[in-house]
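Secondary and tertiary structure notes
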Amino acid sequence: MGRNPRRDLLAGLTVAIVALPLALGFGVSSGLGAEAGLATAVVAGALAALFGGSNLQVSGPTGAMTVVLVPIVAQYGPGGVLTVGLIAGLMLIALAVARAGRYMQYVPAPVVEGFTLGIACVIGLQQIPNALGVPKPEGDKVLVVTWRAVEEFVRHPNWTAVGLALAVAAIMLIGARWRPAIPFSIVAVIAATLVAQLFHLDAAQPIGNLPAGLPAPSLSFLDPAALGSLLAPAVAVAALAALESLLSASVADGMTVGQKHNPDKELLGQGLANLAAPLFGGVPATGAIARTAVNVRTGGASRLAALTHAGILAVIIFAAAPLVSKIPLAALAGVLLATAIRMVEVGSLKAMAKATRSDAAILVLTAVATLALDLVYAVIIGLVVAGALALRAVAKQARLDQVPLDQGDHGAEEHALLAEHIIAYRIDGPLFFAAAHRFLLELTEVTDVRVVILRMSRVSTMDASGALVLKDAVDKLRRRGILVLASGIRPGQRQVLDSVGALELLRHEGRDYATTPEAIAGARVHLQRAGVLPIPAPRPGPASVITEESPR
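Residues numbered from 1 in each chain as written. Predicted model: local features only at pLDDT ≥ 70, side-chain atom pairs only at ≥ 80, totals over all residues. Heavy atoms only, no water.

In the case of a regular strand, side chains alternate between the two sheet surfaces. Among the five residues in strand β5 (residues 451-455), four count as buried, and that is most of the element. For β5 and strand β7 (residues 483-487), the ladder comprises five bridges, and the chain directions are parallel. Within the sheet, the bridge partner assigned to leucine 454 lies in β7 and is alanine 486. (Buried < 20%, exposed > 50% of the residue type's maximum accessible area, 1.4 Å probe, protein only. Helix = DSSP H or I, 4+ residues; strand = E, 2+ residues; numbered from the N terminus. Pairing = 2+ DSSP bridges.)

The element strand β4 (residues 422-431) is largely enclosed, with a buried count of ten among its ten residues. Across five bridges, β4 lies against β5 in parallel orientation. Its bridge partner lying in β5, isoleucine 423 is registered against valine 452.

So, on to the nonpolar core. If you look at the biggest cluster of nonpolar residues, it comprises 90 residues, and the most contacted ones within it are Leu24, Ile207, Leu210, Val237, Leu313, Ile327 and Leu375. Within the second largest apolar cluster, 28 residues are counted, among which are Ile423, Val452, Ala467 and Ala486. (Core = buried A, V, L, I, M, F, W, Y, C linked by side-chain atoms within 4.5 Å.)

Let us now look at the pattern of salt bridges. Here the idea is simple: oppositely charged side chains can pair when their charged atoms come close. Under the definition given, this model contains three salt bridges. Where aspartate 264 meets arginine 99, a salt bridge forms, and the shortest distance between an N and an O atom there is 3.8 Å. You can see aspartate 264 sitting in helix α10 (residues 263-276) and its partner arginine 99 sitting in the loop between α3 (63-97) and α4 (109-126), a full 165 residues away along the chain. Two residues, aspartate 475 and arginine 479, come together in a salt bridge whose shortest N-O distance is 3.8 Å. On the criterion of helical spacing, the pair formed by aspartate 475 and arginine 479 is a turn pair, its members being four residues apart in helix α20 (residues 464-479). (Salt bridge = Lys/Arg side-chain N within 4 Å of Asp/Glu carboxyl O.)

Attention shifts here to the side chain of threonine 40. With respect to the element layout, threonine 40 can be found in helix α2 (residues 34-51). The contact partners of threonine 40, leaving out residues within four places of it in the chain, are Gly45, Gly60, Pro61, Gly282, Val283, Pro284 and Ala285. (Contact = heavy atoms within 4.5 Å.)

With that settled, the discussion passes to the side chain of serine 54. Along the chain, serine 54 falls in the loop between α2 and β1 (59-60). With residues near it in sequence (within four places) discarded, serine 54 still touches Ala249, His261, Glu266 and Arg303.

Dropping the structure here:
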């Protein structure tokens, strides 16, 4: 923190300017009020910066978390949200202790992109009531609330609110393309507030009174009787906090050189932040991708920047609460509308859509589920579908190919007998539950042979299902009088095969074969003993009768 404090302080100031309208807006959107958003940005922002696993992460209230909190507020009230945040903090600490942070890398990119697109749509729709200047209708389904707000606006239009919201959003979007380094969000909010005050625009409803300072820590919101029913929402909040925070930290790493976050420590920092924020009336927090990106782009290189951001917001709470309380709600709605639009990376969406049909389907499904259900269900659905499609793709890589036999210097007649009675197959790729049954059908269709040799050195992985299917296939072939030999079984495969009783079936007279030539020699000996192949006459010199003990 002491390497380049000037740059970090300047970056922290810039992030605080960007974060102020966002914190206010997300607090209002959550249903707990603007003061809850500010308290979260200060308390959670400072603690996550101190104890988190990233030097660049900026934490606070986010749009994704607001999406989850709205139905909780509707069902349980403000006390329920604060209790959920406290429980979620404990869960995040438990995840950190269990070292679960590493599993973030297994979330597929189409799921993340679909999740982000769905969140952007929900955030935008949540701002419609304030942007239209109508009271927020009852309900926790964003599409229903939006429709009711539009109906109310048609009955009682408020063009002042619409004009302020659109003007703020336009200034932010156009300004970001013209001068990306300038925080146009605060410029637009200040301008909208001045216009509303100078022209006495009564239709531009302000935020309302904000308390000067943070409330004293309190546990009065806890309701022990409701803890059981709040566990499921707390799991959703903890899962979202972990996912969004680790994703944000990964984005920050990708924007810099030499920075790498510690995922488990980041979960610990977010857990402590979410334990503390509810005590001061704050909502659950996560790492904020937009604010973290601003921090990196403006030169932030240590935790001092995020701490400065939290400190400046604290000063604003204590010193400028009366001024902040005059900001029109429509202006904050415009800020969040512009934020939602900027969340959508059109280039990334096009790349995912063009990559494969599976990627496009996962992206659309996750986005629709986010909009229609909730974020956690959306991520679960996306992961399940992505996993199923990945298994399908991997299963298709498993092949059973007939291969030529290396028969050595045998006569033409013996070549014909070998070709007629011995067949070798090479198993390529994984032999597991998703590919095993197709393998069984292919193998048991073998006809007009006496010996099947399975070359298993190229089997990349095998599970119990694959081993059981192999056992069944060998069993069926043996009942038809066909001997099955195996070559190149790896030690890991040997353990799986032995556990289900398949290894014994692949052995001939108590042994299996390390190489395919050994297996061919063993097959020839078996056919000679069965009278299918003639026993070769001894040649002059050392005995040349091939036995199982001398296959080489």
